[in-house]
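For reference, the chains in residue letters:
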Amino acid sequence: MRDDLAKVVDAGQGLGAEYTEVRMQKLFNTTLTVKDSRVESVKEGNENGAAVRVLVNGAWGFASLGTLERQSLTNAVAEACKMAKAASLHVKTPVKLADSKTVEAKVTVKPKKDPKEVSVEKKIDLLLTEDKNVFDYDTRVKSCTINYMDIAATDYFMNSDRTYIEQDKLYLYLLSYTTAKEADKLTFSHDLLGYTSGFEAFDTETPEVIGRRVAKRAVDQLKAEKPKGGTFPAVIGPKVIGIFAHEAFGHLAEADLTLSGSVLTDKLGKRVASEKVTIYDDGTLEGAFGSFRYDDEGVPVQKTTLIKNGEIVSLMHNRETAHKFGTKPTGNARAEDFRYEPIIRMRNTYLTRGDYSFKELFEDIKFGYYIKDYRGGQANLDGTFQVGVQEAYEIVNGELGTPVRNLSFSGNTLETLHKVDAIGKNFELSVGICGKGQRAPVGAGGPDVRVQEVLIGGGA
Amino acid sequence: MVELKSEELVHFGKKAVDTVMRKGADEAEAFLSGILNTSVNIERGQITKNMRKIGQGLGIRAVYKKAVGFSYTNILDDNSVIKTAAQAFQSAKASKADKDWPGFPTPKKYGATKGTYDKRLATISSNELVNIASNMLKEATSHDKRVFAAFGTAETQLAYRVVVNSCGLEAFDKGTSIGCSLGTVARQANEVTPICMEFNAERVYKIDSSWVGKEAAKQAVSALKAKKIDSGDFTVIFGQMALLELLYYTFINSVKADQVQREQSALKGKIGQKVASDLITIYDDGLMANGLQTWKFDDEGIPRRKTPILEKGVLQHYLYDCYTAKKDKIESTGNALRGGQNPYKSTPIIQATNFTINPGNKSPDSLIEEVDNGVLVYGFQGAHSSNPSTGEFSVVATPAWKIERGKIAYPIKAAMLVGTIFDVLNNVSALGNNIRKIEQIVTPWVCAENIRVVGK
């Protein structure tokens, strides 16, 4: 493998590339779907592929293909060089890369229960047990879809700096989606679990626990009221503050998007949030869904401080943007698989904890909302964000009140960060699959956070 | 993979089906897909990348005692095909029987498609694609110096699909497409506009990248100096991108037969009933000439066709694949889809093809002229968090403009639109004549009354 990679890298450099990198990958994958107690699909996949990326005259050429054969890869590197030259004709500011130290490494994964060794029958049983617990919870539960996936990958990386890395990756995830119905009210709830450890994860997070949790949330929503539309104070729970840290703030701090004109352009070193706010993007958390050892440019992963006490300290970089900012790459370059080029992605993004108790966070709020779990979120470069919510409650005179349904909230990221006035001492990290043209497993989280005001979209 | 040899692909498909059957399966199906994607990328105001991605592979469904197994690979040689077939059979044995399993379809005659393959696109050079991107970029940046081209692409695609099954079905089709898109922002003093997107996509070599560049730039400039508005109920004109977002996550879900059969659709039991304004006629046309989603057959080998969904507001039909059609004792509408860039990796799901809202006769300008106090919305943020069962949404309108006394008055800062898709469709008061294709949607501008806007 190593010799093949070296030959292909040499071919790229021989054709005049300033930088050449080759990634090979072997992928194994099991996907199961159970819908309403029926096994809808049992899938197993086996794929090989490679990607070559070259920098010629300050422009990128990239080719990916579904083979590991050396001759095909050598042809692909020539094709990539040709494409880079075509693109370079219009380059005004040539792409340059920040230095990264040469690495030689082998990363292996040894889970207690390797998903490859667990039979398909056993995996199906897990899903059917969860399904049974969902429907047994309450007769008002109407539907249940459960998707399971495990992915085992081995990556082989070499670049023209002679960095060579072999790295195993393992991902396990379980997505549950259920609906409940009563009269004309139809509610739904979803739950995503993700691990970089083995199948033993389901020994503690059992299908019984998951099933009852998902069903309960959908059923509880049946008694929920419509929210009022307008501006209100809110306490944002760990799951939702996680998606806020990721969607509303994190994407703006990805250096490629910052350079594309996000509201953080020219904000480095400046105050952008209340001094209570500290946010990290951390790829080193053991076992977290967004953790790994080396990124797809061969840069070691790190814990990056994005905001320290309200001030922007760093952005997230690949080698290209690090050079533009005159700084070091942060290990955020990730590719979904061999088909894709590495781009700047988050890892585990979270707000650090404070010292308020749950009670203290609530006690000054006459009327507001406690926003506990989300459906999805989205942000724009101008800092406008929207978070759709699947579980929320009214706060009335400092106490948790009636549940509300189909609420979503929005605002401007930096205005909202300035309005954070109290942070809880709890902490929770949850998982997500982030989409930015490619999918990436990530973690996100934080404590309960009180915000003076957000815009609440009222019920229909 | 520049030109694809259909015989070779059908060979692998047949080999897979034979292997599964010889293992003792009751039925087998092979699906092969290949996509060659070439793109030129604009990042941060300049062309920086030129990429080529090739993805092809084989997915096999094996059926044993009404239990279905699936396995896929991208390694296309005889050994790997045999191994993958064996794996599919193993998966079927590990799975559970499904009493509703309908069986694979028998061979059918396919309708003709028009304007879905252009051999110029199969052989387009990198230089030509770079020029398309470069023209788009030039047009945008020369329009106004406050405009910044954040990202964009010009890309072509050459794709094929093969279905072979143990009932004797053998189908092959190929297609091309080309598209370009540009996302811009405008900056002035401390203000940054939201991303303003424009695009053009076609199946044959006939796109106008200069127009895309200019429109994206115009939009960004007109989004500067945005103001908050007071909450209220307004007349809203929805642009095509906004309609795609909203319909994709709400209405389209509610006409999928699986959603209906699982009681996850507000339209269950409403065939023949009025569910939208008289003005609304919608059909799903899998054979539409030059349609972005047009193929001769769907991803189970069923002929594509035109299916009426709403006729003057009255619900006509749902969208079916083989599984759900058998349950309702009717024919599949040819809406089985294996999605994404690597369709061979998936089993089919129900999806709309070219989901078309019949246009009206009003120009965009005259639609605006008739609005006294309203909002024009080009895009939404957060539509994916809508409730797919009830059609309830609560989304941010961006970019959006205030309309006052028949004229665009000013851009709106971060207002939310709240409601259900069925209320929107019931309150439609006018339709534009400006029909456009975006992904699964073909639609003009749509104007609806009494839409709740939460401003400040």
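Above this text you will find the structure in question.
Residues numbered from 1 in each chain as written. Chains lettered and ligands numbered in written order. Predicted model: local features only at pLDDT ≥ 70, side-chain atom pairs only at ≥ 80, totals over all residues.

Engineer: What should I look at first to understand the overall build of chain B in this one?
Structural biologist: Along its length, chain B carries 11 helices and 24 strands. In terms of overall dimensions, chain B is globule-like: its C-alpha atoms have a radius of gyration of 24 Å, near the 23 Å expected for 456 residues. Dimensions along the principal axes, computed over C-alpha positions, put chain B at roughly 70 × 55 × 35 Å. Residues counted as buried form 60% of the 456 residues belonging to chain B. Sequence-distant contacts, at least 24 apart, represent 73% of the contacts inside chain B between residues at least 6 apart. (Helix = DSSP H or I, 4+ residues; strand = E, 2+ residues; numbered from the N terminus. Rg over C-alpha atoms; globule rule 2.2 N^0.38 Å. Buried ≥ 20, exposed ≤ 12 C-beta atoms within 10 Å, placed from the backbone. Contact = placed C-beta atoms within 7 Å.)

Engineer: Where do I start with the interface of chain A and chain B in this structure?
Structural biologist: A common way to report how large an interface is uses the accessible area buried once the components associate. With 68 residues of chain A at the interface, the matching set in chain B holds 68 residues. Its residues assigned to classes, the side of chain A that touches chain B comprises 23 nonpolar, 29 polar and 16 charged. With four bridges connecting them, strand β2 (residues 38-56) of chain A and strand β3 (residues 67-73) of chain B associate as parallel partners. Residue pairing for β3 of chain B: K43 of chain A is matched across the bridge by F70 of chain B. (Nonpolar A, V, L, I, M, F, W, Y, C, P; charged D, E, K, R; others polar. Pairing = 2+ DSSP bridges.)

Engineer: Looking at this structure, I do not really get the environment of F292 of chain A. What am I missing?
Structural biologist: Residue and element names in this part refer to chain A. Summarising the element assignment, F292 is placed in the loop between β9 (279-282) and β10 (303-308). Taking the C-alpha atoms as reference, F292 lies 38 Å from A180; in sequence the two are 112 residues apart. The contacts of F292, once residues within four sequence positions are left out, are K169, G283 and V301.

Engineer: I would appreciate a short explanation of unusual backbone geometry in the present structure.
Structural biologist: Both trends apply: most residues other than glycine have a negative phi, and most peptide bonds are in trans. Cis peptide bonds are those with omega within 30 degrees of zero, and the linkage from T398 of chain B to P399 of chain B qualifies with -5°. With respect to the element layout, P399 of chain B can be found in the loop between β17 (392-397) and β18 (400-404). Here D266 of chain A, not a glycine, exhibits a phi torsion of approximately 70°, which is positive.

Engineer: Please explain the sheet that holds strand β21 (residues 439-446) of chain A as it appears in this structure.
Structural biologist: In any sheet, the strands associate via hydrogen bonds between backbone groups, in a parallel or an antiparallel arrangement. Strand order in the open sheet formed by six strands is β11-β10-β9-β14-β21-β20 (chain A), with mixed pairing between adjacent strands. At either margin of the open sheet sits one strand with a lone partner, and together these are β11 (311-312) and β20 (428-435) of chain A.

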